Protein chains: 2
Amino acid sequence: MPDFQTIALDVMGGDRGPDAVIPAAAMALEQKPDLRFLLVGDEGRIKPLLARHGKLAERCQIIHTADAVASHEKPSVALRTGRASSMRLAINAVEEGRADSVVSSGNTGALMAMAKFVLKSLPGIHRPAIASVFPTMRGETMMLDLGANVVCDADNLVQFAILGAVFAKAVRGIERPTVGLLNVGTEDMKGSDAVREAAEILRGIEFPGDFRGFIEGNDIPLGTVDVVVTDGFTGNVALKLAEGMGTLTGHFIRDAFYSSPLAKIGGILAYPAMKRLKNRMDPRYYNGGMFLGLGGICVKSHGSSDAYGFSRAILVAAGLVERGYNTVVAQEIERLSALGPIRSEAVEEPASL
Amino acid sequence: MPDFQTIALDVMGGDRGPDAVIPAAAMALEQKPDLRFLLVGDEGRIKPLLARHGKLAERCQIIHTADAVASHEKPSVALRTGRASSMRLAINAVEEGRADSVVSSGNTGALMAMAKFVLKSLPGIHRPAIASVFPTMRGETMMLDLGANVVCDADNLVQFAILGAVFAKAVRGIERPTVGLLNVGTEDMKGSDAVREAAEILRGIEFPGDFRGFIEGNDIPLGTVDVVVTDGFTGNVALKLAEGMGTLTGHFIRDAFYSSPLAKIGGILAYPAMKRLKNRMDPRYYNGGMFLGLGGICVKSHGSSDAYGFSRAILVAAGLVERGYNTVVAQEIERLSALGPIRSEAVEEPASL
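First, a word on what this report is: a plain description of the structure on this page. Source: prediction; values computed, not measured. (Residues numbered from 1 in each chain as written. Chains lettered and ligands numbered in written order. Predicted model: local features only at pLDDT ≥ 70, side-chain atom pairs only at ≥ 80, totals over all residues. Heavy atoms only, no water.)

## Topic: the relation of the copies chain B and chain A
The condition that has to hold: Overlaid copies result from least-squares superposition on C-alpha atoms, with residues included only where pLDDT is at least 70 in both. Here, residues are in contact when the closest pair of their heavy atoms is within 4.5 Å.
For the pair chain B and chain A, the superposition axis carries a translation of 0.0 Å, the fit reaches an RMSD of 0.0 Å, and the rotation angle comes to 180°. When the rotation and shift are considered jointly, the pair of chain copies conforms to a two-fold rotation axis. Among all residues of chain B, the minimum C-alpha distance to the rotation axis is found for Gly266(B), at 1.8 Å. A share of 100% of the interface residues of chain B reappears at the interface of chain A, consistent with the copies meeting face to face through the same patch.

Put into structure tokens, the structure is as follows:
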């Protein structure tokens, strides 16, 4: 293995395009000097930005294309018409072995559709899932699926549990990760057929972690388990709800500090602490939706990411590559292939993140 | 109509039983002197508590029973064996016309099963739903279903939208309430078949409010709409997640104030403001899960409610009765009966709240 890894960046994706991606690459390089980049996008816009980051310029190569996937393009349309897009060429670079991973803040649905088409699913995985890590009362927790599959059967949920447990183990280094299946109650009789059946399967297999059975919505922020498994509908709603709750709380806290002169002084004194609190819950720090279960590493950055946020997504991709995530998952799936017959299903439109 | 209303209270329900329920009734009576109560439970435990609340004692009647539904009893078992329970007798009082509504902090599943069995659904309603109101960036929003129906079809969601719109209109006095259907994106193509079909139906009928189409998880705390409609699985997870986020934030804020001597002083100065902030998000204030779509008014208080929390649930029930909620819903359903064929479905175990 070479002593560096190469990340293909879709420079044209997201609200800010190159203005976020180029400085993000420079930031990530400061954290991890062993990174190399393929910058895929409009050379005319990339070069002037690169001129400001000498060190980065030495570590990257440009793949020029003027074409980009629009942010609201239907995935099926993007797949058909976006063959020369920066997103597609960046994904192709992984397939061709020119890059170890790809990071894009473009259209989620298009990215998932293209990634599935080009990189394929790992053998035995029916539906790749979107996963992300976020802060809880007891450290960090990872949740999946966050929107790639709005309807999931028991087999899908079981595979998500395996994808998640391997992440916690291989990438985060947790010896025996705890995994919970999101439900409306913890008793066996609770929930839909899919979650009840999935729990039964997970209890019956040699699970690569500690399957804790059902958990409830409050267990997510409490950090009860290392990995929260759910369908893409519930996961997507939960992810966005948590984001919205953060905004609401920030708004209420500001209101409270402005509610009296004394509170205002208190606010000034507590400002550095509140700032740290804000950083602790900074969604940019937790940016980077991992597409797990694909034949290559693909990370989705938030569409509105700034350079710092995008740099975090780059580091997420770098971590997955460094820890050989896909190799370990493939081994686990093979080991567990005695799971029984699992239905293969049609590709669906992923939810917007 | 008499100039007072009577509320049947399941005195033995919840973690604290009479110790919460009796003082709660006294508190509610202070707010609304036109209330009368049927206290259903163990007379031996009720009477000494009542002795401390002279005014309340004049306004209530005791229905004695020593039997109570256990907090983890299976709904089907409670239904079969709990015929003399305080919960059941309190519900019966509504059916018999002796009370206008019932409030219980007992076992949610048992309460829903008994309420459905005794009070039946309103004509045309297939699945009663659990609804609750909570604080958002722009005032209050109501969400349903919160766990009565883990799997919902389009017709169920449409009926929830009607139940919610009528609540916002009749009880909260919002002229043209905005209603949103929770989904993973706002585009028409997004989501499960059920939500897409429900949106189509809602756009086609003379909806008693302003149907805004799809909303996403972050729209819940942002208060984008007056009524959030979703299936009981997603709603239950969202409700509990929001509760857990509140706990997490409180924890992080405390941490921040303890992080430095200056922050500590700031915390002391800002204490009254922070206290107000806490009150503003106090889940006890928003206690009271309404079982909508039944032939009688039934409100579920949180199992761990204290007296204040339970008094809030009593006032929720009083509001529904006062505004003639069930009459208006019945009229709306009748008016909209041209909706087309709707499948009737089996009763399911409700989720624990």
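## A word on the interface of chain B and chain A
Quick reminder of the rule: Values labelled buried area give the accessible surface lost by two parts on being combined, using a 1.4 Å probe and summing over both. Salt bridges, as used here, are contacts in which a Lys or Arg side-chain nitrogen is within 4 Å of a carboxyl oxygen on Asp or Glu. Two N or O atoms form a polar contact when they lie within 3.5 Å of each other; inside protein one atom must be a possible hydrogen donor and the other a possible acceptor, and for residues adjacent in sequence the pair counts only when both atoms belong to side chains. The secondary structure listing takes helices from DSSP runs of H or I that are at least 4 residues long and strands from runs of E that are at least 2 residues long, numbered from the N terminus.
Taken together, the contact pairs 63 residues of chain B with 63 residues of chain A. Of the roughly 5300 Å² buried between chain B and chain A, counting both surfaces, carbon and sulfur atoms make up 76%. It is Val184(B), Phe233(B) and Phe252(B) in chain B that bury the most area against chain A; as a group they hold 13% of the surface buried on that side. For the interface between chain B and chain A, the tally reads two salt bridges. Two residues, Lys240(A) and Glu216(B), come together in a salt bridge whose shortest N-O distance is 2.4 Å. Between the two partners, chain B and chain A, sit nine residue pairs in polar contact (both at pLDDT 80 or more). Elements with a minimum of two residues in the side of chain B that touches chain A: strand 5 (129-136), helix 9 (219-222), helix 10 (232-257), helix 11 (261-269) and helix 12 (271-280) of chain B. The leading source of residues in the side of chain B that touches chain A is helix 10 of chain B, at 21 residues.

## Concerning the packing of aromatic side chains
Centre-to-centre distance and the angle between the planes together describe a pair of aromatic rings. Counted only if it meets this: The criterion for an aromatic pair is that two Phe, Tyr or Trp rings (for Trp, the six-membered ring) have centres within 6.5 Å, with stacked assigned to planes under 30 degrees apart, edge-to-face to planes over 60 apart and tilted to the rest. The classification of residues rests on relative accessible area computed with a 1.4 Å probe and restricted to protein chains. Under 20% of the type maximum is buried, over 50% is exposed, and intermediate values are partly exposed. Criterion for a charge above a ring: Lys NZ or Arg CZ within 6 Å of the ring centre, and within 35 degrees of the ring normal.
A complete count under the given rule lists seven aromatic pairs over all chains for this structure. Arranged with centres 6.4 Å apart and planes meeting at 65°, the rings of Phe167(A) and Tyr325(A) form a pair that is edge-to-face. In this pair, Phe167(A) is assigned in helix 7 (residues 154-171) and Tyr325(A) in helix 14 (residues 325-335), connecting sequence segments 158 residues apart. A single burial state applies to Phe167(A) and to Tyr325(A), both of which are buried. Seen from their ring centres, Phe207(A) and Phe211(A) are 6.3 Å apart, and the 65° between their planes marks the pair as edge-to-face. Relative accessible area serves as the criterion here: at 11%, Phe207(A) is assigned to the buried category. You can call Phe211(A) buried: its relative accessible area is 14%. Taking NZ or CZ as reference, Lys120(A) lies 5.3 Å from the ring centre of Phe117(A), over its face. Lying over the aromatic face of Phe4(B), Arg36(B) brings its terminal NZ or CZ to 4.8 Å of the ring centre.

## Quick notes on the pairing of strand 11 (residues 297-300) of chain A
All names here are of chain A. What counts, and what does not: When DSSP finds two or more bridges between two strands, those strands count as paired.
By the alternation rule, side chains of strand 11 split into Ile297 and Val299 and Cys298 and Lys300, which are all buried. When strand 4 (residues 101-104) meets strand 11, the two strands line up parallel, connected through four bridges. Considered in strand 11, the bridge of serine 104 is made with lysine 300. Note: strand 10 (residues 289-292) against strand 11, three bridges, orientation antiparallel. Note on strand 11: the bridge partner recorded for phenylalanine 291 is cysteine 298. Counted along the chain from strand 10 to the antiparallel partner strand 11, the turn is four residues long, and its residue glycine 293 has a positive phi close to 100°.

## Remarks on the pattern of salt bridges
Inspection of the entire model under this criterion finds 26 salt bridges over all chains. One salt bridge connects Arg284(A) with Asp306(A), and the closest N-O pair in it is separated by 2.6 Å. With Arg284(A) in the loop between helix 12 (271-280) and strand 10 and Asp306(A) in the loop between strand 11 and helix 13 (307-322), this residue pair connects regions lying 22 residues apart in the sequence. Here Asp306(A) falls in the buried class, since its relative accessible area comes to 17%. A salt bridge links Lys190(B) to Glu187(B), with the nearest nitrogen and oxygen atoms 3.3 Å apart. Using a relative accessible area of 7% as the deciding quantity, one classes Lys190(B) as buried. Under the relative-accessibility criterion, Glu187(B) is labelled partly exposed at 24%.

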